[in-house]
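Examining the three-dimensional arrangement
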Amino acid sequence: MEIPYFYREIETAPRAQIEKIQLQRLQEIIDCALQTPFYKRRLTKVGINCGKDLTTLEDLKKIPFTTKDDLRQNFPTGMLATSMSNVVRIHSSSGTTGVPTVIYFTADDLEKWTNLITRSIVATGATKDDIFQNMMTYGLFTGGLGLHYGAEKLGMTVIPIGGGNTARQLQFMQDFKTTVLHVTPSYLLHIHSKLEELGFSVDKLSLKKAFIGSEPHSERARKKIEELYHIDAYNSYGLSEMNGPGMAFECVYKDNMHIWEDAYIPEVIDPATGEVLPDGQEGEFIATNLIRKAMPLLRYRTRDLTHLIAEPCRCGRTHRRLSRIVGRTDDMLIINGVNVFPSQIEEVIMKIPEVGTNYLIQVEKAGALDKLIVKVEIYSKMFLGEAKQLDMLKGKIRDRLRASITINANIELHEPGTLPASEGKAKRVVDIRTEM
Ligand code: ADP
Ligand code: ZN
């Protein structure tokens, strides 16, 4: 296979060269960080008064972690490292887990970010000849404008449709022969349950690829998307604090996401002790942004759980890979003492062929115990059969879940398209234990 590169020299650079770039950029970014009262305090306390005080990448470990709370406490401008007149754009996180946080970019920061997005798109094999429908929300959310400029830079035909309005999304796909989508996996799955009802058919569309990301999803959900739409789906990871998408992306081999190490220093730690873990061990992902001078963030605790893969990828890129994100540390459910991530439940149920494209996890109190209810959409033809078949299907889902997560769940079956669906990030879990 001919491997497409955007910036081959950097993408395939030997480790030593990547580390040289990292150290040099880290020194520069520390000088910027020292312009903020927040980092000035933090860094001088550990003996760092200028970038050159760090002489090897190992010295990074001297720097304390930065947390989302630090961002909130310094809202709105406490971590801004330049004057507002140099700032050309702000973005903000979607606030999935509380008060939003704000991120600043200079023109040069934006250009560097855009280049990473173009690099990521090229890595999937998409080209300037593709018709790109960007179904992520435009505005403060980084998924809209971020991908938009990266795709334009490549020269793709960009349809900046934004999120929502399923009928219109499908109409555009059909009218403009869209070949590449950027969308959350949950919304793309949901659209499939509406497709026929809205008068469309996958066979009449021209889709080839989808970039799916911005929320946790299982390998099984990816496979399901690929099968339902006859496309290749590429996992895309990023968070607004680290600019947004374009941070880690799958290449043509779809075998976990290359994190662009000339722009970020990735680490994985034990979330309880803060100890840095070796490659291959799962823990909390920590990232240092080396390219955003308006607002540097050093050793940021993402709360996302993953591990780093150092083995070379068949594509020849030397940048390590991030394994599929299991979930956020704060997504973990504790059900009768058992730890479980929503993505583990998804992995099990999506493997069952009768199961459709949406589900909801509900946790309640039943006396002293916790009760897990898994509501799944199934294909409508199942409701035409006998009630006995539905009972058997419930039993099958329950057994498979018990075998995997050791919890006995109550299963509810629903018609396609009837469970609440989001046009952006899905809310998969309703935990009403504290409310009862
Ligand atoms: P918020 O923190 O408000 O959700 P962001 O838009 O910055 O705002 O979301 C970034 C978060 O989304 C990541 O920290 C991660 O938890 C999740 N995320 C993004 N991409 C992926 C992905 N490909 N797989 C799993 N989770 C993802
Ligand atoms: Zn690769």
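This section reports on the structure supplied with the text. It should be emphasised that the depicted structure is a prediction, and the values quoted were computed from it without experimental measurement.

Comments concerning the sheet that holds strand β21 (residues 429–431)
Taken in spatial order, the four strands of this open sheet run β20-β19-β18-β21, and their pairing is mixed. Each edge of the sheet is formed by a strand with only one pairing partner; in this case those strands are β20 (410–414) and β21. Taking each pair of neighbouring strands and ignoring which way they run, the sheet shows an average axis angle of 20°. For strand β18 (residues 355–366) and β21, the ladder comprises three bridges, and the chain directions are parallel. What sits directly across from I361, in β21, is V429. Sitting on the sheet, helix α10 (residues 342–349) is in contact with β18, β19 (369–378) and β21, with an inclination near 135° to β18. Along the sheet, helix α11 (residues 387–405) contacts β18, β19 and β20; its crossing angle with β20, the most-contacted strand, is approximately 135°.

Description of the packing of aromatic side chains
Two aromatic rings are characterised by how far apart their centres lie and by the angle between their planes. Counted according to the given criterion, the structure contains seven aromatic pairs. Between F38 and Y39, the aromatic rings sit 4.8 Å apart at their centres with planes inclined by 75°, giving edge-to-face as the arrangement. Between F172 and F176, the ring centres sit 5.4 Å apart and the planes meet at 35°, which makes this aromatic pair tilted. Through successive ring pairs, a cluster of aromatic residues spans F132, F211, Y234 and F249. The ring of F105 has R292 lying over it, and the distance from NZ or CZ to the ring centre is 5.8 Å. When the ring centre of F65 is taken as origin, the NZ or CZ atom of R301, which lies over that ring, is 5.7 Å away.

Side note on the coordination of the zinc ion (ligand 2)
The textbook angles at a metal center are 109.5 degrees for a tetrahedron of four donors and 90 or 180 degrees for an octahedron of six. Coordination of the zinc ion (ligand 2) by the protein is provided by C251 (SG), H258 (NE2), C313 (SG) and C315 (SG), with metal-donor distances spanning 2.1 to 2.3 Å. Considering all four donor atoms around the zinc ion (ligand 2), the spread of angles at the metal, 100 to 115°, places the coordination shape in the tetrahedral class. If you list the donors of the zinc ion (ligand 2) from N- to C-terminus, the spacing comes out as C-x6-H-x54-C-x1-C. One exposure class covers both C251 and H258, and it is buried.

Definitions and limits used
- Residues numbered from 1 in each chain as written.
- Chains lettered and ligands numbered in written order.
- Predicted model: local features only at pLDDT ≥ 70, side-chain atom pairs only at ≥ 80, totals over all residues.
- Heavy atoms only, no water.
- Pairing = 2+ DSSP bridges.
- Helix = DSSP H or I, 4+ residues; strand = E, 2+ residues; numbered from the N terminus.
- Axes fitted to C-alpha atoms, helices over the stretch in contact; angles between N-to-C directions.
- Contact = heavy atoms within 4.5 Å.
- Phe/Tyr/Trp six-rings, centres within 6.5 Å; stacked < 30°, edge-to-face > 60°.
- Lys NZ or Arg CZ within 6 Å of the ring centre and 35° of its normal.
- Donors = N, O, S within 2.8 Å, 3.2 Å for Na, K, Ca; no water.
- Tetrahedral: all angles 85-135°; square planar, octahedral: opposite > 155°, others 65-115°.
- Buried < 20%, exposed > 50% of the residue type's maximum accessible area, 1.4 Å probe, protein only.

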